[in-house]
Amino acid sequence: IQKALESHSAMSTDYGTTYEKLNDKVGLKTILSYLYVCPTNKRKVASHLSDIHISFIRTSDEGATYQKYRLNFYIHSLLFHPKQEDWILAYSQDQKLFSSVEFGRRWLLLHEGVAPNRFYWLGNGTDASENKFVTVGRICAQGLKCFDFVFFLSDAQYITCKMQNCSEATRSKPFPGYIDHNSLIVQDDYVFVQLTSGGRPHYYVSYRRNAFAQMKLPKYSLPKDMHVISTDENQVFAAVQEWNQNDTYNLYISDTRGVYFTLALENVKSSQGLEGNVMIDLYEVAGIKGMFLANKKIDNQVKTFITYNKGRDWSLLQAPDTDLRGNPVHCLLPYCSLHLHLKVSENPYTSGNIASRDTAPSIIVASGNIGTELSDDDISMFVSSDAGNTWRQIFEEEHSVLYLDQGGVLVAMKHTSLPIRHLWLSFDEGRSWSKYSFTSLPLFVDGVLGEPGEETLIMTVFGHFSHRSEWQLVKVDYKSIFDRRCAEEDYRPWQLHSQGEACIMGAKRIYRKRKSEKKCMQGKYAGAMTSEPCVCTEADFDCDYGYERHSNGQCLPAFWYNPSSLSKDCSLGQSYLNSTGYRKVVSNNCTDGVRERYTAKPQQCPGKAPQGLRIITSDGKLTAEQGHNVTFLLQLEEGDLQRSLIQVDFGDGIAVSYANLSSTEDGIKHVYQNVGIFRVTALVENSLGSDNAVLYLHVTCPLEHVHLSLPFVTTKNKEVNATSNAFLLFLADQINLISPFLVYLQPLITLEGSITFTFSVEGMNTITVQVSAGNTILQDTKTIAVYEQFQSLRLSFSPNLDDYNPDIPEWRRDISRVVKKALVEVSNVKHILVAVLPGLPTSAELFILPYQDTTGENKRTAGDLEQVLCLLLGVCVYAFVCVCVYICIYIYIYMKIPGLNIYAQMQNEKDQEMVSPVSQRESIPNVPQSELMSPEQLVDEKLEVQPIGK
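Summary of the structure given here. Remember, it's a predicted structure, so these values are computed and weren't measured experimentally.

1. A look at the overall build of the protein
- A tally of regular secondary structure across the protein gives 7 helices and 69 strands.
- For the protein, the proportion of its 950 residues judged to be buried stands at 51%.
- Counting only carbon and sulfur atoms, one obtains 50% of the accessible surface of the protein, whose full area is about 44,500 Å².

Take a look at the structure:
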């Protein structure tokens with residue numbers, strides 16, 4: 001037993017047998033705040049201290065000698081380079097980032113205004129030779145300092161630079177524009193950033209330092225929050241809290257690039273840590289890739305599930321057959337099972353509720369209970385020695401458990417506020433336990449620390465004999481228990497399996513275990529004995545993005561997904577991977593079998609005319625400052641910019657042309673010398689066709705949202721009222737206000753919130769409202785159909801549909817297609833339009849439109865429309881039975897399947913677009929125009945309808 005005064009620093013080089021005070025070497029009044037160990041040379045240790053002077057302290061010989069260097073800044077934290085042992089980043093208390101390539105001997109200022117804990121080395125992956133680091137820093141306007149928070153408190157940019165030369169000219173910004181403050185995460189080969197737009201977060205990822213791409217979740221998921229769980233083996237495991245969740249998260253798993261995500265498990269329990277951090281009840285079992293435990297909330301009950309294939313399949317835990325006393329346990333799946341607490345301790349000196357080790361891949365120790373749900377009462381300790389297939393009860397109270405000698409020795413110490421002097425040892429993976437004394441006097445235990453690596457048999461217990469006594473360190477060495485090292489005959493083979501299935505993640509893996517009756521010291525961990533790939537089966541494949549598993553086990557397209565959409569980003573002459581609906585679980589090692597049938601096939605990109613052209617500014621804003629650069633970006637839904645002629649007219653008398661994409665990869669830059677509203681037009685054309693787009697740029701508070709309200713259909717020569725509502729944001733106060741707006745029939749400027757006008761010609765008409773306030777301007781565009789006559793009918797639905805209505809335009813369009821398809825199939829009346837209205841309860845409007853044949857003659861009269869209306873009313877009962885069937889199929893199959901609630905690209909981005917066929921929010925009684933189709937879609941029935949599951 002060694003005594004340690006809290007005001008002194010001491011170190012031991014013989015596993016705690018003796019200690020040497022460091023104060024004699026670094027200063028009598030010196031208190032080391034934290035020790036940083038070099039990852040590539042454990043003999044090098046660094047620290048920082050503030051006694052009389054600010055100093056950096058280092059040792060290159062494990063503490064035998066120390067060197068101290070004075071600094072002119074206060075260190076907050078240090079970060080060693082992952083490969084270069086003398087390279088260190090230092091973050092100061094005044095948010096400055098320094099670097100040293102001489103193990104702290106000299107320092108160089110790299111950047112100011114750096115966000116806390118948001119600086120990283122890019123020493124892994126493709127940047128291993130570039131010696132880069134990344135950081136997030138606020139950008140300061142000319143004449144303003146970084147600590148002046150007037151405009152730049154939450155503005156941040158992702159910056160990279162080389163260590164040897166990090167001047168302003170050499171810094172690069174891989175992500176175009178600002179990101180949310182403190183949102184940068186660098187993990188393995190991935191860089192993640194978050195950008196909030198219109199009140200909703202959007203997430204972007206860069207794989208192996210390539211260009212950023214927006215992370216795509218299933219269409220009807222509206223994420224409120226996201227946490228990256230792991231990035232092991234070239235795949236992202238993420239927890240997403242969706243629009244309808246409060247204390248749960250959904251688990252999603254990605255493709256290799258981290259872009260396309262599919263649901264792994266829904267409604268995983270979450271809680272808040274002591275510092276307000278979110279804690280997800282998910283545990284990755286050490287030593288076995290693809291094995292996770294999760295606590296899922298089902299009907300207000302929390303149950304523990306296990307997966308062996310990274311979330312493709314989940315199952316409940318089988319409870320032990322007997323209790324601690326050998327009495328039978330009557331617990332039948334799925335009504336009763338074993339439930340575990342999965343919280344991991346944030347304190348390295350205390351154990352959490354569950355533990356596993358890489359060097360003991362089959363052993364899991366956790367606290368929990370047996371019953372219908374997870375409970376905080378009657379907690380016992382359980383152990384599994386076959387990777388979660390079976391469990392045994394080992395204690396009736398919570399204990400801390402340490403792994404020694406590769407799990408050959410398990411040490412258990414009771415969780416209690418009372419002093420103790422006994423602990424328990426097991427040499428047979430928890431089947432039997434023996435009681436040992438580790439101190440002569442009872443000790444209030446503050447923590448237990450196993451020596452580095454589970455190969456040793458030494459542990460340190462620290463605590464106090466009384467609340468007023470000095471800190472006591474107790475070294476416990478179990479080497480004397482063993483009289484020899486294990487030989488080959490002391491081991492037996494053990495095959496990893498999942499309830500008898502030997503192929504786990506596409507391979508059969510056999511490990512060696514020490515025989516339970518052998519009492520010998522194992523030493524260094526050797527890993528798996530053999531690993532043999534399995535033949536690929538359907539179980540090795542998950543559903544690809546946009547596909548969902550149906551009751552027959554097949555992966556079929558979700559009703560919101562168009563499989564041909566992947567070719568839209570494809571260029572003529574190139575190829576893309578045409579999905580089969582399946583994708584192999586990443587890191588699955590299976591071969592042959594059904595792999596060829598389920599693997600995506602390369603397909604040549606079709607030649608297409610430009611379609612869906614958008615022109616936006618690089619920062620997404622519709623305002624710019626006079627005399628400053630404005631960067632315009634062009635985006636095509638279909639077609640190839642690289643093989644098209646591009647013309648851009650900036651609206652101020654200046655226009656440019658480009659013959660290929662290379663001139664526009666970084667955007668098209670322009671400087672406006674005058675103030676005003678400029679009409680920026682873009683034209684893209686190739687041999688197959690052309691498309692154009694318009695953006696109105698205000699070169700001069702900010703507006704948050706603008707909405708134009710119009711009816712869907714109106715009568716020729718009848719007055720129509722257009723209403724505009726704007727929500728303005730002045731500093732922190734939100735004020736409802738009607739602002740000046742422009743209506744582009746003929747440009748009209750008014751200070752009123754609405755205008756009235758008539759249409760004298762039949763057809764489709766587009767109206768644009770533009771709202772200006774201060775230096776911010778937004779617009780909304782709607783389309784209205786004009787006919788001499790039409791008929792309409794209000795539709796209603798059963799109340800249970802409201803439970804699955806997220807009240808967003810995309811959902812209303814999809815349900816409108818379902819209702820229309822059912823009515824067309826039943827009545828054979830094709831010239832109709834169905835529009836689901838915003839708000840609750842869910843309702844819709846049915847429009848019977850005039851129709852004429854292809855020659856333009858025989859136009860239907862008002863009497864014809866009334867006959868059609870009567871026909872629809874006559875078949876209404878049968879039609880709405882079909883509608884109910886179709887909607888029930890959609891809602892039950894798609895909405896009940898977990899995770900079908902994400903639009904990765906929500907309408908708030910569209911709110912800000914100057915030229916957009918879609919608007920975001922509508923209000924009853926006017927029908928939202930964003931769901932209105934083109935005349936050809938209304939009359940010629942060219943509407944694309946997704947296939948409905950039978």
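2. Quick notes on unusual backbone geometry
- Across the junction of L333 and P334, the peptide omega takes the value 0°, indicating a cis bond.
- Looking along the chain, the bond that leaves L840 and enters P841 is cis, with omega of 0°.
- In this structure, P841 sits in the loop between β68 (832-836) and β69 (843-848).
- Its identity is not glycine, yet M505 carries a phi of approximately 55°, on the positive side.
- Looking at the secondary structure, you find M505 in the loop between β41 (491-495) and β42 (507-514).
- Despite not being glycine, S587 has its phi angle at roughly 75°, a positive value.

3. Things to note about the environment of I481
- The topology assignment puts I481 in the loop between β40 (471-477) and β41.
- Sequence spacing of I481 and L457 is 24 residues, and the spatial spacing of their C-alpha atoms is 9.7 Å.
- Contacts of I481, omitting those with residues within four sequence positions, involve L425, F427 and K519.

4. So, the sheet that holds strand β50 (residues 614-617)
- Here 3 strands make up an open sheet; going across it, the order is β50-β52-β55 and the pairing antiparallel. Every other strand in the sheet has two partners, leaving β50 and β55 (668-671) as the edge strands with one partner each. Direction aside, neighbouring strands of the sheet carry axes that sit 30° apart on average.
- Where strand β52 (residues 629-635) meets β55, 4 bridges bridge the pair, whose relative direction is antiparallel. Each residue of the ladder has a partner; that of N629, found in β55, is V671.

5. Focus on the environment of Y15
- Within the secondary structure, Y15 is located in the loop between β2 (10-11) and β3 (20-21).
- In this structure, the C-alpha to C-alpha distance between Y15 and M459, residues 444 residues apart in sequence, is 8.5 Å.

6. Things to note about the state of the cysteines
- One pass over the structure, following the stated rule, counts 5 disulfides.
- For C331, the disulfide goes to C336, at an S-S distance of 1.9 Å. Every disulfide takes its handedness from the sign of the S-S torsion; for C331 and C336 that torsion is -105°, giving left-handed. Neither residue differs from the other here; C331 and C336 are each classed as buried.
- Here C503 engages in a disulfide with C534; their sulfurs sit 2.0 Å apart. The sign of the -100° torsion about the S-S bond sets the C503-C534 disulfide as left-handed. Residue C503 is found in the loop between β41 and β42, and its partner C534 is found in the loop between β43 (530-533) and β44 (541-543); the two are separated by 31 residues along the sequence.
- Residue class for C534 comes out buried when judged on its relative accessible area of 5%.

7. A short note on the side chain of R312
- Within the secondary structure, R312 sits in the loop between β27 (301-307) and β28 (315-316).
- A polar side-chain atom of R312 sits 3.0 Å from a polar atom in the side chain of E538.
- The residues contacting R312, other than those within four sequence positions of it, are T307, E538, A539, F541, D542 and R549.

8. A short note on the pattern of salt bridges
- Tallied over the full model, the rule gives 26 salt bridges.
- A salt bridge links K44 to E85; its shortest N-O distance comes to 2.8 Å. One end of the pair, K44, is in the loop between β4 (36-37) and β5 (45-50); the other, E85, is in the loop between β8 (75-80) and β9 (88-92), with 41 residues separating them in the sequence.
- A salt bridge links D490 to R484; the nearest nitrogen and oxygen atoms lie 2.8 Å apart.

How each quantity is defined
Residues numbered from 1 in each chain as written. Predicted model: local features only at pLDDT ≥ 70, side-chain atom pairs only at ≥ 80, totals over all residues. Heavy atoms only, no water. Helix = DSSP H or I, 4+ residues; strand = E, 2+ residues; numbered from the N terminus. Buried < 20%, exposed > 50% of the residue type's maximum accessible area, 1.4 Å probe, protein only. Areas by Shrake-Rupley, 256 points an atom, 1.4 Å probe, with all protein chains shown as cover. Contact = heavy atoms within 4.5 Å. Pairing = 2+ DSSP bridges. Axes fitted to C-alpha atoms, helices over the stretch in contact; angles between N-to-C directions. Disulfide = S-S within 2.5 Å. Polar contact = N/O pair within 3.5 Å; in protein donor to acceptor, adjacent residues only side chain to side chain. Salt bridge = Lys/Arg side-chain N within 4 Å of Asp/Glu carboxyl O.

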